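Per-entry structural report
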Amino acid sequence: MLTVPGAEIYYEVRGSGPVLLLVNGGDGDAAMFAPLATVLAERYTVVTYDPRGNSRSPLTVPPYEQRIGEHAEDARLLLEAVGGDPPYVFGTSYGGMVGMDLLARHPGRVRAVVAHEPFVIELLPHAARWHALFEELHEIYLKDGVDAAMRRFGEEVGLTPPPEPPPGLPAPIVEMLTRVRANSETVLAHELRSFTRFVPDLDALRDAPLVVVGGADSGDALTHRTAATLAERLGTGLVEFPGGHVGFLTHPAEFAKALVEILGD
């Protein structure tokens, strides 16, 4: 555990070699990165963690509307605690935004960032339409609950909700799914509306060691569109990684291979 302002951060470290921080997004936690981290630990010191307010990283203050900037500060403090040379950072969804903010604010402290389908709504031409939807989702959550709001979210952004887990799963998997479901409430109540107001510092990032990637199977999902828009605004090409928005979980070996190739360059 690491104490940071307003929270206690649960984290895990595995492997050896250059430090590679994996930053999850949305309702994810360190356990969702376990298959990918296990493969990457053959080459890197892999650091995974539960973002503040999620899973095993409780807030030490009353719940509040969170911001990407403070999550980037959590990542910086965690990397300082782990030590070593400037790290690599891989972030998915919100995590990609955290990685970009960390890189823009502290360029000398990060070796490179790979941002996987960052949810940079503010760069889209019709951002106001999406912000109105997120306000509506918050109202649905308050009125009808988490499941109704998340179903609508998936329909609107083009992300298929995960199927109901089959019976007989190992206890750690059941525990992770239980945590993730609880994290969805944090997303709807305290993250979605504020996180999607994040505007990356494009001037600082244009010449920075940043690679923007999308899921090869994401199709026209909103998260793939935001990644493509960001890559266009930065003047770089969009790199395709295996799988969709959670390709790191569904295709861990192939995803790890693609990430190692990027970091090697």
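Keep in mind it's a predicted model, so treat the numbers as computed, not measured.

1. Thoughts on empty space enclosed by the protein
Overall, the coordinates contain one cavity of 30 Å³ or more when judged by the stated rule. In this structure, the largest cavity spans a volume of roughly 70 Å³. Lining the largest cavity are 13 residues; nearest its centre among them are Asn24, Pro51, His71, Tyr94 and Phe195. Its residues assigned to classes, the lining of the largest cavity shows six nonpolar, six polar and one charged.

2. What about the pattern of salt bridges?
Taken as a whole and assessed by the stated rule, the structure comprises 17 salt bridges. Taking the shortest distance from any N to any O, the salt bridge between Glu136 and Arg152 comes out at 2.7 Å. Separated by 16 residues along the polypeptide, Glu136 in helix H4 (residues 127–144) and Arg152 in helix H5 (residues 146–157) bring together distant segments of the chain.

3. As for the packing of H4 against H5
The interhelical angle for the contact between H4 and H5, taken along N-to-C directions, is 155 degrees, at an axis separation of 7 Å. Overall, the two elements H4 and H5 adopt an arrangement that is roughly antiparallel. The handedness of the crossing between H4 and H5 comes out as right-handed. Contact with H4, carried on its side by Arg129, Trp130, Leu133, Phe134, Glu136, Leu137, Ile140, Tyr141 and Asp144, involves Val146, Ala148, Ala149, Arg152, Phe153, Glu156 and Val157 of H5 and no other residues of that element. Here the contact of H4 with H5 is composed, by residue class, of 11 nonpolar, no polar and five charged.

4. Focus on the packing of aromatic side chains
The final tally for this structure, using the stated rule, is 10 aromatic pairs. With 4.9 Å between their ring centres and 50 degrees between their planes, Phe33 and Phe248 make a pair best called tilted. Of the two residues, Phe33 sits in the loop between strand E4 (19–23) and helix H1 (34–40) while Phe248 sits in helix H9 (residues 247–250), which places them 215 residues apart along the sequence. As far as the burial class goes, Phe33 and Phe248 line up, both buried. Centre to centre, the rings of Phe90 and Phe255 are 5.6 Å apart; their planes meet at 80 degrees, and the pair counts as edge-to-face. Placement of Phe90 in strand E6 (residues 88–92) and of Phe255 in helix H10 (residues 252–264) is noted, with a sequence separation of 165 residues between them.

Quick notes on the rules
Residues numbered from 1 in each chain as written. Predicted model: local features only at pLDDT ≥ 70, side-chain atom pairs only at ≥ 80, totals over all residues. Heavy atoms only, no water. 1 Å grid on protein atoms, 1.4 Å probe; cavity = no way out; pocket = protein on both sides within 12 Å on 5 of 7 lines; lining within 4 Å. Points joined across faces, edges and corners; volume = space filled by probe spheres on them. Nonpolar A, V, L, I, M, F, W, Y, C, P; charged D, E, K, R; others polar. Salt bridge = Lys/Arg side-chain N within 4 Å of Asp/Glu carboxyl O. Helix = DSSP H or I, 4+ residues; strand = E, 2+ residues; numbered from the N terminus. Axes fitted to C-alpha atoms, helices over the stretch in contact; angles between N-to-C directions. Parallel < 35°, antiparallel > 145°, perpendicular 65-115°, else oblique. Left-handed = near helix turned anticlockwise from the far one by under 90°. Contact = heavy atoms within 4.5 Å. Phe/Tyr/Trp six-rings, centres within 6.5 Å; stacked < 30°, edge-to-face > 60°. Buried < 20%, exposed > 50% of the residue type's maximum accessible area, 1.4 Å probe, protein only.

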